[in-house]
Amino acid sequence: MTTFDFFEAAELPVPAVSAEQAAQIAANHFGLSASVSPLGSQQDANFLLSTSTGEPIGVLKIANPAFSRAELEAQDAAAAFIDAAEEIRTATNINGSSIVEIDAGGNHFARIIRFLPGAGSNLAGDGYVRPAQVAALGDLAGRTCRALAAFDHPGVDRVLQWDLRHGLRTVERLASHVTDPHRRETVQSAATAAWRVIDGLAADLPVQVIHGDITGDNVVCSGPHALPDGLIDFGDLIRSWTVAELAVAVATLLRHDGCEPSSTLAAVQAFHAVRPLGPAEVEALWPLVVLRAAVLVVSGIHQSSIDADNDYASSALDHEWRSFQRANAIPLDVMTAQIRHSLGVSHPAAPVDGRLIDGGDVVVLDLSAESDLMDGGVWLERDCEDRLAADALAGGAMAVATVFGQGRLTRSATLSALSPATVATGIDLWPAEPLTLTAPWPGVLTVDGDSLALTGTHATLVVRGALRPAGEGGHSVDAGDPLATAEGRVWIQVRRPGAGDVPPFVRPEYAAGWLAQVSDPGPLLGLPAAPGLADDSFALRQRRSQAYAEVQEHYYDHPPRIERGWREHLVGTDGRSYLDMVNNVAVLGHGHPALADAVARQWRRLNTNSRFNYGAVVAFSERLAATLPDPLDTVFLVNSGSEADDLALRLAMAATGRHDIVAVAEAYHGWTYATDAISTSIADNPNALSTRPSWVHTVPSPNAYRGQHRGIDASKYAPEAVAIIESLAAQGYPPAAFICEPFYGNAGGMALPDGYLKAVYEAVRAAGGVAIADEVQVGYGRTGRWFWAFEQQGVVPDIVCVAKAMGNGQPLGAVITTKAIADAYRTQGYFFSSAGGSPVSSVVGLTVLDTIENERLQENAVTVGDHIVARINELATRHPLIGTVHGSGLYMGVELVRDRVTLEPAVVETAAICERMRELGVIVQPTGDRQNVLKMKPPMCITRESADFFVDQLDRVLTTGW
Ligand code: PMP
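Model, not experiment: these values are computed from the prediction. Every chain's residues receive numbers from 1 upward, in the order its sequence appears when written. Restriction of local features to residues with pLDDT of at least 70 applies here, the model being predicted, together with a cutoff of 80 or more for giving and counting side-chain atom pairs; totals for whole chains, interfaces and linings are based on all residues. Values reported for side chains reflect all heavy atoms of the structure, with hydrogen atoms and water molecules removed beforehand.

Draft legend 1. Layout of the overall build of the protein. Counting from the N terminus, the helices are DSSP H or I runs at least four residues long and the strands are E runs at least two residues long. Across its full length, the protein holds 24 helices and 39 strands. A burial count over the protein gives 57% of its 962 residues as buried. By sequence separation, contacts in the protein at least 24 residues apart represent 74% of the contacts at least 6 residues apart. Carbon and sulfur atoms make up 51% of the accessible area of the protein, which totals about 37,600 Å². Residues scored as charged are limited to Lys and Arg (positive) and Asp and Glu (negative), so that His and the chain ends carry no count. The location of each charge is read from NZ of Lys, CZ of Arg, CG of Asp or CD of Glu. Positive and negative charge centroids in the protein, built from 70 and 111 side chains respectively, lie 3 Å apart. Here the term buried applies to any residue with accessible area under 20% of the maximum for its type, exposed to any over 50%, and partly exposed to those in between, with areas from a 1.4 Å probe on protein chains only. In what follows, residue pairs with any heavy atoms lying within 4.5 Å of each other are defined as contacts. Accessibility throughout is a Shrake-Rupley quantity obtained with a 1.4 Å probe, and a residue counts as covered only by protein chains that appear here.

Rendered as structure tokens:
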């Protein structure tokens, strides 16, 4: 039997079969009358056959004449084998083993392959691929290998350019087609370097039949999360290295927007979980990815040169070059070490021995996110490292040294879509006086300007900076010999044998790989070994779920560990910063020094309870009351929004002697017994609507975008609510109060319909009840144009509740009402909250009000908020997913819909967009009863530059996928 040999017959133009001919083949050989549409392929001619009503029948494949019947039989048999063995939807031959020889000029075989539903949803193109899809692809490849391990067939022993066992030969054979000499040279040398590693491991790499082409084009996706779960096109089926199946899948991922080598590790882990990789396979994987990427570049160029009409092949060229560049962006040994780490099979290296300096007291300079030295945004100042070191030296130390392997906050950058290089692969040292550096081990010394290297048997020491070398270098030295004098700041790195150049700082995603190339120089300075970069976010989350009730949920499935904030930025322990678009409570921004200082001062002076006579509680109550119109002049201080709303309900009940409450549907008011009872937001409690106690009555959610009444019809909500209140009164249940957010926060920050509160407040008062405004989220200047959101409606409530912003995150809440209503509480007993209105809480409250005023944050809410809304409105002209933008000031919501007419909520999309935004350095979360609104309520100090960063990233995600 003759099977194909690429090196004998390199030219494989696609069979020239027209759609008309394909229709005839379907009719004559398979008895099918079908409509035919061509599908792309690199070497076969493929046509989708459909019924007259458009139902797919199958895919007619006319194989390239270079391939024998046995090869096609092997492919169909392998598809059937996988279909039987694994839960993988597989493109099997729909006529059993039927393969017919057709007369299309030469050796042409045709067959009809099952069409897999979902084929429209594959991972083709270069759009973003989610981590879950990446993992599913690895899992699919792993399960394919697991199934095919027991498969064999004579038709698999052929020589294909896609068999990575011939990868270098293929690159060498086809490289001449790469016309750009730089690209040609780059591809050849990368393939050669990869081959060098692979060749040394080849004898230990298991071989079996593999699909050989598990790429974005050859998988199909299904389910709500569009995970790849089906496999098509067995045309490259071959006996090869098992690990090549994974290498092919990994290489295909690299073409996608935002995908880099580290993003593919989820696929490697998933493959490993199904079909564990042996030690040689782990070492060979990345070189194989590089080789595959090189083969794709040369094959793509070759194919488009011999088959100029094949659009499919030529459109792939850019993708292939991009994948190749990405595969080579990280050195092979670094990426391999990173893979080992991600699979938990890395080998720790022994620490280095010897002394670089003689005795003395070296002080450690902690530049991590958790270091107190980083307070007040110091990390963003240029030269802060030198200044902090000088401060530390002023304390009398002989020298100051940074920490090896630390994610250095001073190397972070705000507003960065790509994580910055923060992890230190060496140590910086500042001596107080010129300091002699001695050889920690014997070796060969080289000196080059302000840099020296001492190469010993077990490690190479590299020192750079303010150095005066002891000699010329170029000779051997003994341990203890003087190397140089450090006259100022120097940088020290210890490289392991064989390591190439290691940059001083690397990105956290590759830290494990890079740190495997170096050792901690700390012990050479007499310092204890550094802990290294601990990615403990996962361990922390596990501990959290043990100790902290899980019903207190956390953002994200895999949340970063955030230990610092500054203004509108949050920073992870690896030094990665995120733009915070959700912390509405931190109005002033994170880590505000004025607040921290005021609190610290007050704590040192006095903190007690409001039964004592001290000034802060009076001053704060006066200040708060002064922000409100008459007759709201009497203040209660509590600790949270729930407490404030709960107290407001009790005040209303006390003042009216009634028990019934009217609330707006789809709202949230708190977690206490009473505030939970009046909350009907199903996002917070899925059973909310069915579990209301009898004293709670709701009026329809006045949502002018997607509620019962939309647009100008929204004016109907007020009379409806009025009618409900009147009918309650008529039935003998006149309400004690009507409570609602005066700006509809829970729906994503929507203004209430004009005149709504005026009508409803009048009705509730006419029925003898009171009007409560829940300003917990929307008050305190957040809506920009108004300090209190009820001002937007031109009304004055009887009771106002506030919290959140009041304390900038310190537990603080207040109820402000009339003297008469406040006095009515006497009928309930007396009121006391142990920490409510304490000196510290009151000082917090005063400082927050001062800072909002001094920093003109309410004005900023208008300027930046308007800018964001304008920019999102522009995005909406290009991205149909954006239904609308709600909000005012810095209380906004972007409502995402699948259809602007039906308003079908884009729920899965919203969640996925939030996940990708985090990858790009933005924290944004879904909100609303349908979880399809991106809530945007950042700290009110947010700058226009940060706002632009947010919108730019959103644009990118909406353009390239989520
Ligand atoms: N009312 C509204 C409108 C709220 O948004 C919240 C909190 N999300 C509360 C009350 C309860 O506030 P807290 O979480 O401070 O108890």
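Draft legend 2. How the structure looks around the packing of aromatic side chains. Aromatic rings from Phe, Tyr and Trp, with only the six-membered ring used for Trp, were paired whenever their centres fell within 6.5 Å, and each pair was classed as stacked if the ring planes differed by under 30 degrees, edge-to-face if by over 60, and tilted otherwise. For the structure shown, the criterion picks out 14 aromatic pairs. Between Tyr780 and Trp788 the ring centres are 5.9 Å apart and the planes differ by 85°, which places this aromatic pair in the edge-to-face class. Each of the two residues, Tyr780 as well as Trp788, counts as buried. By the ring-pair criterion, three or more aromatic residues cluster together here, those being Tyr780, Phe787, Trp788 and Phe790. Whether a charge sits over a ring comes down to the Lys NZ or Arg CZ being within 6 Å of the ring centre and within 35 degrees of the ring normal. Over the face of the ring belonging to Phe7 we find Arg169, whose NZ or CZ atom lies 3.6 Å from the ring centre.

Draft legend 3. Spatial organisation of the environment of Arg239. As for its position among the elements, Arg239 is in strand S10 (residues 238-241). A C-alpha to C-alpha distance of 5.2 Å links Arg239 and Gln208, two positions 31 residues apart in sequence. Excluding its chain neighbours within four sequence positions, the residues that come into contact with Arg239 are Asp152, His153, Val156, Asp157, Asp163, Arg165, Val207, Gln208 and Val209. Here Asp152 takes part through its side chain, which lies 2.8 Å from a polar atom of the side chain of Arg239. Distance and chemistry together define a polar contact, namely a pair of N or O atoms within 3.5 Å, with one atom able to donate a hydrogen and the other to accept it when in protein, and with adjacent residues in sequence counting only for side-chain atoms on both sides.

Draft legend 4. Quick peek at the site of the ligand. Around the ligand lies a shell formed by Ser640, Gly641, Ser642, Asp645, Tyr668, His669, Gly670, Glu741, Asp774, Val776, Gln777 and Lys804. Within the side chain of Asp774, an N or O atom sits 2.7 Å from a nitrogen atom of the ligand. Contact between the ligand and Lys804: a nitrogen atom at 2.8 Å from a side-chain N or O atom of the residue. Calculation on the ligand without its partners gives an accessible area of 390 Å², and the protein chains cover 82% of this total. In terms of residue count, the dominant contributor to the shell around the ligand is helix H16 (residues 641-656) (3 residues). Residues were grouped as follows: Ala, Val, Leu, Ile, Met, Phe, Trp, Tyr, Cys and Pro as nonpolar; Asp, Glu, Lys and Arg as charged; and all remaining residues, including Gly, as polar. Of the residues belonging to the shell around the ligand, the class tally is 2 nonpolar, 6 polar and 4 charged. If even one non-hydrogen atom of a residue comes within 4 Å of a molecule or strand, that residue is called near it.

Draft legend 5. Representation of the packing of helix H5 (residues 181-201) against helix H8 (residues 279-306). For helices, the axis comes from a line fit to the C-alpha atoms of the stretch in contact; other axes are also lines fit to C-alpha atoms, and the angle between any two N-to-C directions lies between 0 and 180 degrees. The contact between H5 and H8 brings their axes to 9 Å, and the two run at 150°. What the angle tells us is that H5 and H8 run roughly antiparallel. Between H5 and H8 the crossing geometry is left-handed. Only Ala280, Glu283, Ala284, Pro287, Leu288, Val290, Leu291, Ala294, Val297 and Val298 of H8 make contact with H5, whose side of the interface consists of Val187, Ala190, Ala191, Ala194, Trp195, Val197, Ile198 and Leu201. Each residue belonging to the contact of H5 with H8 can be placed in one class, and the counts come to 17 nonpolar, no polar and 1 charged. Angles are sorted into four bins: roughly parallel if under 35 degrees, roughly antiparallel if over 145, roughly perpendicular if 65 to 115, and oblique for all others. Two helices cross in a left-handed way if the nearer one is turned anticlockwise from the farther one by less than a right angle. They cross in a right-handed way if the turn is clockwise.

Draft legend 6. Representation of the sheet that holds strand S35 (residues 882-888) within the structure. Strand pairing requires that DSSP identify at least two bridges connecting the strands. Read from one edge of the open sheet, 4 strands run S35-S36-S39-S38, paired in antiparallel fashion. For this open sheet the edge positions go to S35 and strand S38 (925-927), each flanked by a neighbour on one side alone. Taking the axes of each pair of neighbouring strands and ignoring which way they run, one obtains an average angle of 30° across the sheet.

Draft legend 7. Up close: helix H15 (residues 615-626). Working rule for helices: expected span equals 1.5 Å times residues minus one. When the terminal C-alpha atoms of H15 are compared, their 17 Å separation across 12 residues agrees well with the 16 Å that a helix rising 1.5 Å per residue should span. Every buried residue of H15 is listed here: Ala616, Val617, Phe620, Ser621, Leu624 and Ala625. When H15 is viewed along its axis, its buried side chains cluster within an angular range of 155° and face the same direction. Structural note: H15 exposes Glu622 and Ala626 on the side pointing more than 90 degrees away from its buried face. Looking at the buried side of H15, the elements it contacts are strand S26 (634-638), strand S34 (813-817) and helix H21 (839-854). Each C-beta atom gives one direction from the helix axis, and the arc is the one those directions make.

Draft legend 8. Region of interest: the nonpolar core. One finds Leu461 and Leu483 to be the most contacted residues of the largest nonpolar core, which totals 126 residues. Here this core gets 15 residues from one element, more than from any other, and that element is H8. Each residue touching Leu483, except ones within four places of it in the same chain, is listed here: Leu356, Leu437, Thr438, Ala439, Pro440, Leu445, Leu452, Leu454, Leu461, Pro469, Ala470 and Val477. Joining through side-chain atoms within 4.5 Å is the link that ties buried Ala, Val, Leu, Ile, Met, Phe, Trp, Tyr and Cys residues into a set, and such a set is a nonpolar core. In this structure, Tyr614, Phe620, Leu637 and Leu812 belong to the second largest nonpolar core, which totals 96 residues.

Draft legend 9. The sheet that holds strand S2 (residues 45-50), seen in detail. In spatial order, the strands read S1-S2-S3-S6-S5; together these 5 strands make up an open sheet with antiparallel pairing. Every other strand in the sheet has two partners, leaving strand S1 (35-39) and strand S5 (100-103) as the edge strands with one partner each. If you compare each strand with its neighbour and ignore which way they point, the axes differ by 30° on average. Taken together, the 6 bridges between S2 and strand S3 (residues 56-62) define a ladder with antiparallel strand orientation. When the bridges of S3 are listed, Ala45 appears paired with Ile62. Relative to S5, helix H1 (residues 19-30) is tilted by about 135°, and along the sheet it contacts S1, S2, S3, S5 and strand S6 (107-113). Strands S5 and S6 of the sheet are contacted by helix H2 (residues 69-85), whose axis makes an angle of about 15° with S6.

Draft legend 10. Summary view of the pairing of S34. With 5 of 5 residues buried, S34 lies mostly within the body of the structure. Burial of S34 is two-sided: the residues Gly813, Val815 and Thr817 facing one way and the residues Ala814 and Ile816 facing the other way are all buried. Where S26 and S34 come together, 5 bridges link them in antiparallel fashion. By the bridge assignment, Val638 is partnered in S34 with Gly813. The pairing of strand S33 (residues 799-802) with S34 spans 4 bridges and is classified as antiparallel. By the bridge assignment, Val800 is partnered in S34 with Ile816.

Draft legend 11. Fine view of the pattern of salt bridges. Throughout this description, the term salt bridge denotes a Lys or Arg side-chain nitrogen within 4 Å of a carboxyl oxygen of Asp or Glu. On inspection of all chains with the given rule, the structure shows 48 salt bridges. With a shortest N-O distance of 3.0 Å, Arg111 and Asp76 are connected by a salt bridge. Taken together, the residues Arg111 in strand S6 and Asp76 in helix H2 connect sequence positions 35 residues apart. Look at Asp76 and you get buried, because its relative accessible area is 8%. Among the ionic pairs, Asp798 bridges to Arg765, the shortest N-O distance being 3.1 Å. On the criterion of sequence distance, the pair formed by Asp798 in the loop between strand S32 (770-774) and S33 and Arg765 in helix H19 (residues 756-766) is long-range, its members being 33 residues apart. Take Asp798: its relative accessible area is 15%, and that puts it in the buried class. We classify Arg765 as partly exposed; its relative accessible area is 35%. Connected through shared salt-bridge partners, Glu385, Asp386, Arg408, Arg411, Asp428 and Arg489 make up one network.

Draft legend 12. Molecular detail of the side chain of Ser419. Mapped onto the elements, Ser419 comes out in the loop between strand S12 (399-401) and strand S13 (423-424). Ser419 sits in the buried class, given a relative accessible area of 4%. Among the polar contacts listed, one links the side chain of Ser419 to the side chain of Glu509, at a separation of 2.7 Å. Those residues within four positions of Ser419 in sequence are excluded, and the remaining contacts are Arg507, Pro508, Glu509 and Arg576.

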